[in-house]
Amino acid sequence: MRLQKIDDLTRPDHYHLRVDDEVYFLRERPSGDYKAGETNQLIANLKIKPTVRTSNPKRYRYKARAIAQCAQELAAAINLDDLRGVTLVPIPPSEAPEPGYDDRLLQVLRGIPALDVRELVMQRESIRAAHASAGNRPSVDDLYANYFVVEALCNPEPTTIVIFDDVLTAGSHYRAMQRRLSERFPRASIAAVFIARQKRNPA
């Protein structure tokens, strides 16, 4: 498995991406539920709520395995030497820091040694998860207004930032993150890596 770059053929599937965006992905996710292919199953397991850890430990093991698998696939697909001096920033989950906070993306990145991983951006308030908000997804402006940079983590100032998320759909979360980070770090170059991109339904 290798990183693939969003190009002219795949960009139309992701409304908020621009030609100059440096965006990469590992997998392609077909439309449908978790039964529609291995990638959908992987993402569904990754999104299992953290509270299941105590209420249903057997089911939570699927989440733990998905986190480990994503870390292994990402580590195998990148050259760790190329990430020297690169700061990886996970996109915040839908929950603000509070009970039920899902740090799955942080766990994936911390499963790869020797990376500069920082939760540079957090949310002021919890929002409804995008995958559970069909027809009522938050806009880029809504997300941007809800994001803030954690100043305590800004030293040393990053020069190259890679935004990390699990699924690329329209690209609204990426766009809001890129906007917030580029305003705070105007001299930094910013790219993004996703575990999977959502393929448009041919119908």
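Please refer to the structure higher up on the page.
Only a predicted model underlies this, so the values are computations on that prediction, with no experimental measurement involved.

*Asks:* Hey, could you run me through the sheet that holds strand E3 (residues 86-90) in this one?
*Replies:* Strand order in the open sheet formed by 6 strands is E1-E2-E8-E7-E3-E4, with mixed pairing between adjacent strands. Only two strands of the sheet have a single neighbouring strand rather than two, namely strand E1 (4-5) and strand E4 (116-117). In this sheet, strand E8 (residues 189-198) lies alongside strand E2 (residues 23-29) in parallel orientation, the contact comprising 6 bridges. Residue pairing across strands places Arg27 opposite Ala196, the latter belonging to E8. Strands in contact with helix H1 (residues 38-46) are E2, strand E7 (160-168) and E8; relative to E2, the strand with the most contacts, it is inclined by about 110°.

*Asks:* Please clarify how empty space enclosed by the protein should be interpreted in this entry.
*Replies:* Empty space among the atoms can be located by rolling a probe the size of a water molecule over them. What the rule picks out here adds up to 1 cavity of 30 Å³ or more. In this structure, the largest cavity occupies an estimated 50 Å³ of space. What lines the largest cavity is Pro90, Ile91, Pro92, Pro93, Tyr101, Asp102, Asp103, Leu105, Leu106, Glu119, Val121 and Met122. When residues of the lining of the largest cavity are traced back to their parent elements, those giving at least two are helix H4 (104-110) and strand E5 (121-123). Within the lining of the largest cavity, the residues separate by chemical class into 9 nonpolar, no polar and 3 charged.

*Asks:* Would you mind showing me how to read the packing of H1 against helix H3 (residues 57-77) here?
*Replies:* In helix packing, the relevant descriptors are the interaxial angle and the interaxial distance, both defined with respect to the helix axes. One way to put it is that H1 packs onto H3 with a least axis distance of 7 Å and a crossing angle of 120°. For the element pair H1 / H3, the angle class is oblique. Of the two elements, H1 crosses H3, and the hand of that crossing is left-handed. Note on element contacts: H3 touches H1 through Tyr62, Lys63, Ala66, Ile67, Gln69, Cys70 and Glu73, opposite Glu38, Leu42, Asn45 and Leu46. Across the contact of H1 with H3, the residue classes tally to 6 nonpolar, 2 polar and 3 charged.

*Asks:* Any chance you could explain the pattern of salt bridges here in plain terms?
*Replies:* It is possible for side chains bearing opposite charge to pair when their charged atoms get close. Taken as a whole, this structure holds 17 salt bridges when the rule is applied. Arg18 is the salt-bridge partner of Asp20, the closest N and O atoms lying 3.5 Å from each other. For Asp20, a relative accessible area of 55% corresponds to the exposed category. With a relative accessible area of 41%, Arg18 lands in the partly exposed category. Here the residues in one salt-bridge network are Lys47, Lys63, Asp102, Arg104 and Asp166, joined through shared partners.

Conventions used here
- Residues numbered from 1 in each chain as written.
- Predicted model: local features only at pLDDT ≥ 70, side-chain atom pairs only at ≥ 80, totals over all residues.
- Heavy atoms only, no water.
- Pairing = 2+ DSSP bridges.
- Helix = DSSP H or I, 4+ residues; strand = E, 2+ residues; numbered from the N terminus.
- Contact = heavy atoms within 4.5 Å.
- Axes fitted to C-alpha atoms, helices over the stretch in contact; angles between N-to-C directions.
- 1 Å grid on protein atoms, 1.4 Å probe; cavity = no way out; pocket = protein on both sides within 12 Å on 5 of 7 lines; lining within 4 Å.
- Points joined across faces, edges and corners; volume = space filled by probe spheres on them.
- Nonpolar A, V, L, I, M, F, W, Y, C, P; charged D, E, K, R; others polar.
- Parallel < 35°, antiparallel > 145°, perpendicular 65-115°, else oblique.
- Left-handed = near helix turned anticlockwise from the far one by under 90°.
- Salt bridge = Lys/Arg side-chain N within 4 Å of Asp/Glu carboxyl O.
- Buried < 20%, exposed > 50% of the residue type's maximum accessible area, 1.4 Å probe, protein only.

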